[in-house]
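Descriptive structure summary
Okay, here's what each chain looks like letter by letter:
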Amino acid sequence: MNRLAQERSAYLRHAANQKIDWQPWSQEAFDRAARENKPVFLSSGAIWCHWCHVMAKESFEDDGVAAILNEHFVAVKLDRDERPDIDRRYQQAVAAMGQGGGWPLSVFLTPEKKPFFGGTYFPPVERFGIPAFGTVLLAISRYYREKREEIEEQGGMFLDAIRRERRPSGPLSGALVDEAAGQMLAAFDRTNGGFGSAPKFAMPGAIEFLLGRYFFTGDEGLALMLGKTLSAMAQGGFHDQIGGGFHRYSTDGAWAVPHFEKMADDNAWLLRNYCDAYRLFGDPDLKDTARGIISFVDSELSDPQGGFYASMDADVTPDDEGGYFTWTDEDLKRTLGTEEYRVLSMHLFNPGNVVHHDPRKVVLSVRETVDDIARKTGLDAVTTGEIIARGKQKLLAEREKRPKPFIDTALYTSLNGMMISAYCKAYRTFGDRTVFDRAQLALERILDVNVRDGELYHSEGVKAFLEDYAYLCDALVAVWEATGERKYLDHAKGLIEMCIDRFWDKDGAGFFDTGEEVIGIRLKGIEDIPRPSPNAVAILVLLRLSAISGDDRYRDQAVKALEAFSSEASLMAIHGGYYFCALEAFYRMVKLEIRAGAGSELAEASLFAHHPYTCITWGDPGGNVIIPCVATTCFEPLISVEGLEKFLKDRSTL
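These remarks concern the structure in this document. Just so we're clear, the structure is a prediction, and the values are computed from it rather than from any experiment. Here, residues in each chain are numbered from 1, in the same order as that chain's written sequence. A pLDDT threshold of at least 70 governs which residues receive local features in this predicted model, and a stricter bar of 80 or more applies before side-chain atom pairs are shown or counted, although totals over entire chains, interfaces and linings include all residues. With hydrogens and water set aside, each side-chain value is computed from the structure's full complement of heavy atoms.

1. Examining the state of the cysteines
Operational definition: Criterion for a disulfide: a pair of cysteine sulfur atoms at a distance within 2.5 Å.
Within this structure, the stated rule accounts for 2 disulfides. A sulfur-sulfur separation of 2.4 Å characterises the disulfide bridge that pairs Cys-49 with Cys-52. One quick way to see it: the torsion about the S-S bond of Cys-49 and Cys-52 is about 80°, and its sign makes the bridge right-handed. Linked covalently through their sulfurs, Cys-629 and Cys-634 form a disulfide whose S-S length is 2.0 Å. Taking the sign of the S-S torsion, about 95° here, the bridge from Cys-629 to Cys-634 comes out right-handed. For Cys-473, which is in no disulfide, the shortest distance to another cysteine sulfur is to Cys-499 and amounts to 6.3 Å.

Written out as structure tokens, the structure is:
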């Protein structure tokens, strides 16, 4: 009997009417497998995942496949957003098998939860060099019956591969930061911007780190690299040119055709990137991109009661990948006036950006700039810009008439922490109070729905992971800095103490991803995959709390964690980006103690001033001064906005 109908996860409920006897992840499922002497088939995916929907339609809704699974396996369905801890371990196991990784994750387990074979998408008939799913199921069933000892041995080996040996701790030095920047520059795609080749992810941790490096070094090579990357991402089909916000990743090296799901975490971190870049470079296009992310999140991923939703699906149906987001030439002609069509076709319609299943449909991307179009048409630039803005509004209104992809309204603590911090940064960049109000409302909502009897939860019924503690602590500090309301700082300190108690590696340093072993394993890493590492975020939180509170315990633990991961991070290049943000902050963080009233000119200047690694704390408001400190040294009080600006500018050359 399918047991998914009452699950909290939208992804699990989505499979509730399939004829497969799906069970959610539970010990009961594995006990049944042991009792019936069957292997477990684990399918892990997410509601936003295109290929998960494809495999569901092709295979899981097929009567023959359902019959094989029901007869020979215990079938378990997992939502990777709800249980990232379980998914992460089996992703690594399947990678150790040489099968890559991704979603849907298809992995076969013993009743003791040992993985012995796996892959990702399996088609209903043999294609792409991948065997048919039904063939795989029958072969695995036979293999399980005939080779149990071999399977047990293999399963143990794959679990051992996850428990990899850690590199030893290493000393800290500023040279590590310089070396990391060099490695990242070496991975830069000079033709298309970004790092590496297809499929191409934004790698926001590396971008944030390199933006900070430019602030400190003024290296024009960095400026060109960052400018090209941020511009290429914003102008490509990877960026939703009509509705704002970014898709998951680009399927090609030129940011042209994306995987269409739109995720809270990606957009939170890219919002941070574009805010930082705008404060550095002042380019209005960077501001427009950041504001577009906010517009998308406000309209599609925001709960009116407070809080941010998890994701927007890639598709309405698996047969029309990205159909909601793509356009034919006929669509544009039907929606736009004659002049709007002429200009918008030149601006956004690139016939090369076709989706693989329908060459008529194009992903919109910037093909020609306003100035290019004005020059070719004889229109002035202002008029051209007005036509483009008007045409985009018409296209958005037309798109709103289409069936909309599913929005996962789950309020995950980790994702909300990221978005709250990003909205606080946007407030401190643009001064828009409504952006901050939404962040504060979200924080209060998460503290209301995901804290029970003093226990933090990832989501309803799922206890919090390291990522929840790290990202929520970061959000609490961000809201404390913006308001000076002591309750947020106290809550952050309370949570970081719980985090240390539950996740800290007492035999080494750094944080494990879970409080207890999951399938017999606790993982500890520093890699951005591709969202910034929770360990790196936790280190930055420790550094900020140490500076704010004067508690050296936090700084000592941050140093131990930085040392524990230094050798590992040094080999990661762009995948260690946020670790190097934390290391740079260790050397360069500036504390600004505001001894002025909230809303005063000095207080506002402190909030809106730019330095990559600042922390704000609030003192006696009667002094009307700012006390700046770096590490253990405090400097003369600053009494003017100009003095503050000069102080921070001087810090950029240290």
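2. As for helix α12 (residues 284-300)
Inclusion rule: Only DSSP runs of H or I reaching four residues or more are called helices, and only runs of E reaching two or more are called strands; each is numbered from the N terminus. Here the expected span of a helix is defined as 1.5 Å times the quantity of residues minus one. Relative accessibility decides the category of a residue: with a 1.4 Å probe and only protein chains considered, values under 20% of the type maximum give buried, values over 50% give exposed, and everything between is partly exposed. For the purposes of these results, a polar contact is taken to be a pair of N or O atoms within 3.5 Å, where, inside protein, one atom must be able to donate a hydrogen and its partner to accept one; residues adjacent in sequence count only when each atom of the pair is a side-chain atom.
Compared with an ideal rise of 1.5 Å per residue, which puts 17 residues at 24 Å, α12 spans 24 Å between its outermost C-alpha atoms and is within 8% of the ideal. Among the residues of α12, Leu-286, Thr-289, Ala-290, Gly-292, Ile-293, Ile-294, Phe-296, Val-297 and Glu-300 are the ones counted as buried. Capping of α12 at its N-terminal end is provided by Asp-283; its side-chain oxygen lies 2.8 Å from the backbone amide nitrogen of Asp-285.

3. Some details on the packing of aromatic side chains
What counts, and what does not: Pairing of aromatic side chains here covers Phe, Tyr and the six-membered ring of Trp, requires ring centres within 6.5 Å, and sorts the geometry by plane angle: under 30 degrees stacked, over 60 edge-to-face, intermediate tilted.
The final tally for this structure, using the stated rule, is 36 aromatic pairs. When the centroid spacing of 5.2 Å and the interplanar angle of 45° are considered together, the rings of Phe-41 and Phe-108 count as tilted. Note that Phe-41 is positioned in strand β2 (residues 40-45) and Phe-108 in strand β4 (residues 105-109), a separation of 67 residues in sequence. Measuring from ring centre to ring centre gives 5.6 Å for Phe-246 and Tyr-274, while their planes differ by 20°; the resulting arrangement is stacked.

4. As for empty space enclosed by the protein
Filter applied, for reference: Points on a 1 Å grid over protein atoms alone make up a cavity when a 1.4 Å probe fits among them but cannot get out, and a pocket when they form an open set with protein on both sides within 12 Å along at least five of seven lines; lining residues each have an atom within 4 Å of a point. Grid points are joined across faces, edges and corners, and a volume is the space filled by probe spheres set on the points. All residues other than Ala, Val, Leu, Ile, Met, Phe, Trp, Tyr, Cys, Pro, Asp, Glu, Lys and Arg, Gly among them, are scored as polar; the first ten of these are nonpolar and the last four charged.
Here the structure, examined in full by the defined rule, presents 4 cavities of 30 Å³ or more. In this model, the largest cavity occupies a volume close to 440 Å³. As for the largest cavity, its lining consists of 24 residues, and the residues nearest its centre are Arg-272, Lys-425, Arg-544, Pro-612 and Thr-614. Elements represented by at least two residues in the lining of the largest cavity include exactly α9 (204-217), α11 (264-281), α17 (413-430), α19 (466-483) and α21 (534-549). In terms of residue class, the lining of the largest cavity is built from 10 nonpolar, 5 polar and 9 charged.

5. Focus on the pairing of strand β16 (residues 590-595)
Stated precisely, the cut-off is as follows: Pairing between two strands is assigned when DSSP locates at least 2 bridges connecting them. Classification remark: right-handed applies to a crossover when, strands pointing away from the viewer, the course from the first strand over the helix to the second runs clockwise.
Within β16, 5 of the 6 residues are buried, leaving the element largely enclosed by the surrounding structure. Inspection of the sheet shows β16 paired to strand β17 (residues 614-618) by 5 bridges, in the parallel sense. Pairing of Ile-594 across the sheet is with Trp-618, part of β17. Following the chain from β16 across helix α24 (residues 601-608) to the adjacent parallel β17, one finds a crossover that is right-handed. In this structure, β16 lies alongside strand β18 (residues 625-630), joined through 6 bridges in antiparallel fashion.

6. Some thoughts on the sheet that holds β18
Spatially, β17-β16-β18-β19 is the arrangement adopted by the 4 strands of the open sheet, whose pairing is mixed. Only two strands of the sheet have a single neighbouring strand rather than two, namely β17 and β19 (633-634). As judged from the 2 bridges shared by β18 and β19, these two strands associate in the antiparallel manner. Among the inter-strand pairings, Val-630 is bridged to a residue of β19, identified as Thr-633.

7. Focus: unusual backbone geometry
The omega torsion of the bond from Trp-103 to Pro-104 falls at 5°, within 30 degrees of zero and hence cis. Inspection of the secondary structure assignment puts Pro-104 in the loop between α5 (84-96) and β4. A cis geometry characterises the amide bond from Ile-529 onward to Pro-530, with omega recorded as -15°. Its place among the elements puts Pro-530 in the loop between α20 (486-503) and α21. Phi is positive for Phe-128, which is not a glycine, with a value near 60°. As for its position among the elements, Phe-128 is in the loop between β5 (115-119) and α6 (133-146). The phi torsion at Ile-519 lies on the positive side, around 45°, for a residue other than glycine. Within the secondary structure layout, Ile-519 lies in the loop between α20 and α21. For Ile-519, a relative accessible area of 15% gives the class buried.

8. Focus: the sheet that holds strand β8 (residues 262-263)
Judged by pairing direction, the sheet is antiparallel, and its 3 strands sit side by side in the order β8-β9-β12 without closing on themselves. The open sheet has two edge strands with one neighbour each: β8 and β12 (407-408). Sheet topology note: the strand β9 (residues 311-312)/β12 ladder contains 2 bridges and is antiparallel. From the neighbouring strand, Met-312 faces β12, where its bridge partner is Ile-407.

9. Points about the pattern of salt bridges
Convention followed: Any Lys or Arg side-chain nitrogen located within 4 Å of an Asp or Glu carboxyl oxygen qualifies as a salt bridge.
Scanning the entire structure with this criterion turns up 55 salt bridges. Between Arg-88 and Glu-467 there is a salt bridge, with its nearest N and O atoms 3.4 Å apart. One end of the pair, Arg-88, is in helix α5; the other, Glu-467, is in helix α19, and 379 residues separate them in sequence. Arg-88 sits in the partly exposed class, given a relative accessible area of 23%. Here Glu-467 falls in the buried class, since its relative accessible area comes to 7%.

10. Observations concerning the packing of α12 against α17
We apply this condition: Between N-to-C directions, angles cover 0 to 180 degrees, with each direction set by a line fitted to C-alpha atoms, over the stretch in contact for helices. Reported orientations rely on four angle classes, namely roughly parallel under 35 degrees, roughly antiparallel over 145, roughly perpendicular from 65 to 115, and oblique for the rest. Take the far helix as your reference; a near helix turned counterclockwise from it by less than a right angle gives a left-handed crossing, and one turned clockwise gives a right-handed crossing. Contacts were defined at the residue level, with two residues in contact if any of their heavy atoms lie within 4.5 Å.
At a closest axis distance of 12 Å, the pairing of α12 and α17 adopts a crossing angle of 135°. By the angle between their axes, α12 is oblique relative to α17. Considering how the two elements wind past one another, α12 and α17 form a crossing that is left-handed. Contacts between α12 and α17 involve Lys-287, Ala-290, Arg-291, Ile-294, Val-297 and Asp-298 from the former and Met-419, Tyr-423, Ala-426 and Phe-430 from the latter. Its residues placed into classes, the contact of α12 with α17 shows 7 nonpolar, no polar and 3 charged.

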